[in-house]
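# What the coordinates show
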Amino acid sequence: MTPHSIGRPGRRHVVVVGAGPAGLSAARAAAEAGARVTVLDASHATGGQYWRHAAGPHEQLTDEELRLQHGWDTYCVLDAAVRSHPAVELVTRAQVWAAERHDDGPRLHVLVGEPDDAGRVPLTFSPDAVVLATGAHDRTLPFPGWELPGVTTAGAAQALAKADGVAVGSRVLVAGAGPFLLPVAATLAAVGATVLGVHEASRAGALARGWLDRPWRLAGTSGKLLELAGYAAGHVRHRIPYRVGEAVVAAHGHGRVEAVTISRLDPTWAPIAGTERVVEVDAVCVSHGFTPRLELAVALGTAITTERFVDVDVRQRTSSPHVWAAGETTGIAGVDAALAEGWLAGHDAAGGAPDERRARTAVRRRAATHEVARRMAAAHGIPVQGAGSGPGWLRWLTDDTVVCRCEEVTAGRLRDTAAVTCSTDPVSVKLTSRAGLGICQGRMCSAAVTAILGAPGALESRPVAAPVRLGDLARAAGPSA
Ligand SMILES: Cc1cc2nc3c(=O)[nH]c(=O)nc-3n(C[C@H](O)[C@H](O)[C@H](O)COP(=O)(O)OP(=O)(O)OC[C@H]3O[C@@H](n4cnc5c(N)ncnc54)[C@H](O)[C@@H]3O)c2cc1C
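One structure accompanies this document, and this report is about it.

What counts and how
Residues numbered from 1 in each chain as written. Predicted model: local features only at pLDDT ≥ 70, side-chain atom pairs only at ≥ 80, totals over all residues. Heavy atoms only, no water. Near = heavy atom within 4 Å. Polar contact = N/O pair within 3.5 Å; in protein donor to acceptor, adjacent residues only side chain to side chain. Areas by Shrake-Rupley, 256 points an atom, 1.4 Å probe, with all protein chains shown as cover. Helix = DSSP H or I, 4+ residues; strand = E, 2+ residues; numbered from the N terminus. Nonpolar A, V, L, I, M, F, W, Y, C, P; charged D, E, K, R; others polar. Phe/Tyr/Trp six-rings, centres within 6.5 Å; stacked < 30°, edge-to-face > 60°. Buried < 20%, exposed > 50% of the residue type's maximum accessible area, 1.4 Å probe, protein only. Axes fitted to C-alpha atoms, helices over the stretch in contact; angles between N-to-C directions. Parallel < 35°, antiparallel > 145°, perpendicular 65-115°, else oblique. Contact = heavy atoms within 4.5 Å. Salt bridge = Lys/Arg side-chain N within 4 Å of Asp/Glu carboxyl O. Arc of directions from axis to C-beta. Pairing = 2+ DSSP bridges. Expected span 1.5 Å × (residues − 1).

The next thing to look at is the site of the ligand. The ligand sits among 32 residues. The nearest are D41, Q49, Q158, K162 and E328. Here an oxygen atom of the ligand and a backbone polar atom of Q49 are 2.9 Å apart. K162 places a polar side-chain atom, nitrogen or oxygen, 2.9 Å from an oxygen atom of the ligand. Against a free-state accessible area of 980 Å², the protein chains account for coverage of 92% of the ligand. Residue assignment for the shell around the ligand shows that the elements contributing at least two residues are α1 (21-32), β4 (94-102), β8 (136-138), α4 (154-164), α7 (222-237) and α9 (335-349). Taken together, the residues that form the shell around the ligand break down as 14 nonpolar, 12 polar and six charged.

Spelled out as C-alpha cells, the structure:
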C-alpha cells in the first residue's frame, strides 16, 4: 500500500490525530511553523468533546445550541485558521484504526467514511511526525444495575444533549466525581430535563484540601473558575441540589432504570451502612473521571506514566521518536490545557523554535492549567486504597455485578477465575474469563477489572484501535489512494 501524501514535497509532514481543542491547536501551530499538516478525526465535525455540535462546517449554530457551548468564539477562530491554511488538509470521518512503528518513522492506517459503512476508503500515512490528540473517554465505576437501559455515562448524556438537543430522560440524576458533573447537569437542565441532584463522591474534606489549598496559585486560571461559577449559578437557578460524599451504589428497574440507591460514603468511598435511600428516576448519568485513549500511543511504543497517561516532556515529545502527544491523552486538565499543549506539540513537531515568544506564552498557560489538574486529582480522584483490601468502592459490588458489559462477566466470576487459575495477571484473567475481549476491548472495564483483581497493570494494548470490518481489512491490504 502506498503512503498517502498531500501538499508540496520537501516540507516536514505532520499528521495530527484528533481535531478537538488539542488537535486543532496543534494543527494551526504546525502549519504556522512551516509544516504541511494532515488532520484526521473520526467524527463528522471538528471540535472534539468540548465543542461537540451537530452543524456542518459552514452552518451557524442556533441560539439554543449556542447556549450549550463555552468558548465558541475560540473554536470558530481555530477552526477557520485550520481550514483556510493552504498547508493543511483536514479529513473528518477519518478513523485511525492502527498505528505501526517502522525504522523510518510511524505509519498510520485510516478508514475514511461513515462509521461501519462497507465502502470506507483506506489510506495510509507515513509522516515525519505524528501528534496524538485523541482525548479521553469517561470512566465509570461499576455498580449493581449499571447495565440497565437509562443508565449512561455523563459524557454520553452531554454528547447527546449537545449534538442533538436531546435529554437522556425527564427525571435525571447525575452522579460520580469531578467538576465535569456540573456542565452535564447544566446542559441537561437546558435541554428540558428535571435534574434531581448532582451527587459528588468526594467528601467535603477532600474537596477543601484539593481546591482551597493556596488559592492564589489558581490566579492564572480565572477563565475555568468563572465557567464553573456559571454552572453553579445555573444550578441555583434550576434548583439542582449538589451533595458531596454520596454515590449511586445500585440501579433498579424492570427492563430499564426506575430507581437508584444513593448512599453516603466514607473517605475511601466505601458506603456507610444505614445511610441508603432510594430515589425514583428515569435516567441516571454517572462518571468518575476520564480514561485517556492510549491505543495509538501504546502501538507506537510511547512510555506511559504510572497514572496511565502518555509520558511527555516539556515540549510534548513522547519517548518515541517522531511522536508527540497533547490534551487529555497526557493528563486530565481541561480545555485550556489541551489548547496550550496542542500548540506546543504542533510547533515542536513542525521544527519550530522552542524559545519563540509564543512558545514561552504557551508554556506559562500550560503550567497554570496543570495547577487545576493537580487540584482536580486531589479533590476528586478515585481512592486507590481502603481500610481492608482494595478501594472502598469495591464494596458497592456484589458477586452478581456485571463488570465487563460486552462479555457479561461478573465480579464473582473474575474473582473465581483468578482463584482457579492462581493468577491475578490481567491478561491471563482476560483470556480465561473473557473480560475485555468484547467490542469495546476493555475500554470501559479494564481499570475496574485490575482493581477487583488487586493487580498492577492494565489492558491497554489494542493493535486494532477501533472496530473494523473484515472487508475493510482485506481492502486495506490492497493498493490505496
Ligand atoms: C464525552 C465527553 C464529553 C465532554 N464534554 C465536556 C464539556 O461539555 N465541558 C468540559 O469542560 N469538558 C468536557 N469534556 C472534557 C473534554 O474532553 C476536554 O476538556 C477537552 O475536550 C479535551 O480536548 P482534547 O483535544 O484533548 O480531546 P477531545 O476533545 O476528546 O478530542 C479528541 C478527538 O480525537 C478524535 N479521535 C480519537 N481517537 C481517534 C482515532 N483513533 N482516529 C481519529 N480520530 C480520533 C475524537 O473523535 C475527538 O474529536 C468531555 C469529555 C468527554 C469524554
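After that view, the rundown keeps rolling.
Per the counting criterion, the structure on display carries four aromatic pairs. Seen in terms of ring centroids, W72 and Y75 are 4.7 Å apart; in terms of plane orientation they differ by 40°. Their pairing is tilted. Of this pair, W72 and Y75 both sit in helix α3 (residues 72-84), three residues apart, which is roughly one turn of that helix. Y75 carries the same exposure label as W72, and that label is buried.

Turning our attention to the packing of helix α11 (residues 411-421) against helix α12 (residues 426-433). Remark: α11 packs on α12, axes separated minimally by 10 Å, with the N-to-C direction vectors making an angle of 110°. By the angle class used here, α11 and α12 are roughly perpendicular. Across the interface between the two elements, R413, L414, T417, A418 and T421 from α11 touch V429, T432 and S433 from α12. A breakdown of the residues in the contact of α11 with α12 according to their chemical character gives three nonpolar, four polar and one charged.

Here we take up the pattern of salt bridges. Counted according to the given criterion, the structure contains 14 salt bridges. Between R462 and E295 there is a salt bridge; the shortest N-O distance is 2.9 Å. With R462 in the loop between α13 (446-453) and α14 (470-476) and E295 in helix α8 (residues 295-299), this residue pair connects regions lying 167 residues apart in the sequence. Classification of E295 as buried rests on a relative accessible area of 7%. A single network of salt bridges, built from pairs that share partners, joins E32, E356 and R358.

Looking at the secondary structure, you find H137 in strand β8. In the structure, H137 is positioned 16 residues away from T153 in sequence and 9.5 Å away in space, judged by C-alpha atoms. Every residue in contact with H137, bar those within four places of it in the chain, is listed here: F290, T291, R293 and R443.

The subject of this paragraph is unusual backbone geometry. In this model, Q316 sits at a positive phi of 65°, which is unusual for a non-glycine residue. At Q441, a position not held by glycine, the phi torsion is positive, near 55°.

Time to look at α12. Within the sequence span of α12, burial applies to P426, V429, K430 and S433. The arc enclosing the buried residues of α12, seen along the axis, measures out at 105°, which places them on a common side. Looking at the buried positions of α12, the neighbouring elements they touch are β20 (409-410), α11 and α13. Where α12 terminates, the next one or two residues include R434, which has phi positive at roughly 80°.

A few words on the pairing of β4. Two elements, β4 and strand β5 (residues 105-112), share eight bridges in a ladder whose sense is antiparallel. In the sheet register, V96 faces β5, and the bridge partner there is V110.

Here helix α10 (residues 357-380) contains 24 residues, and its C-alpha end-to-end distance of 35 Å stays within 8% of the 34 Å for a straight helix at 1.5 Å per residue. Taken as a whole, α10 has its buried residues at A359, A362, R366, A368, T369, E371, V372, A373, R375, M376, A379 and H380. Of the surrounding elements, those touching the buried residues of α10 are β11 (194-200), α6 (204-212) and α9.

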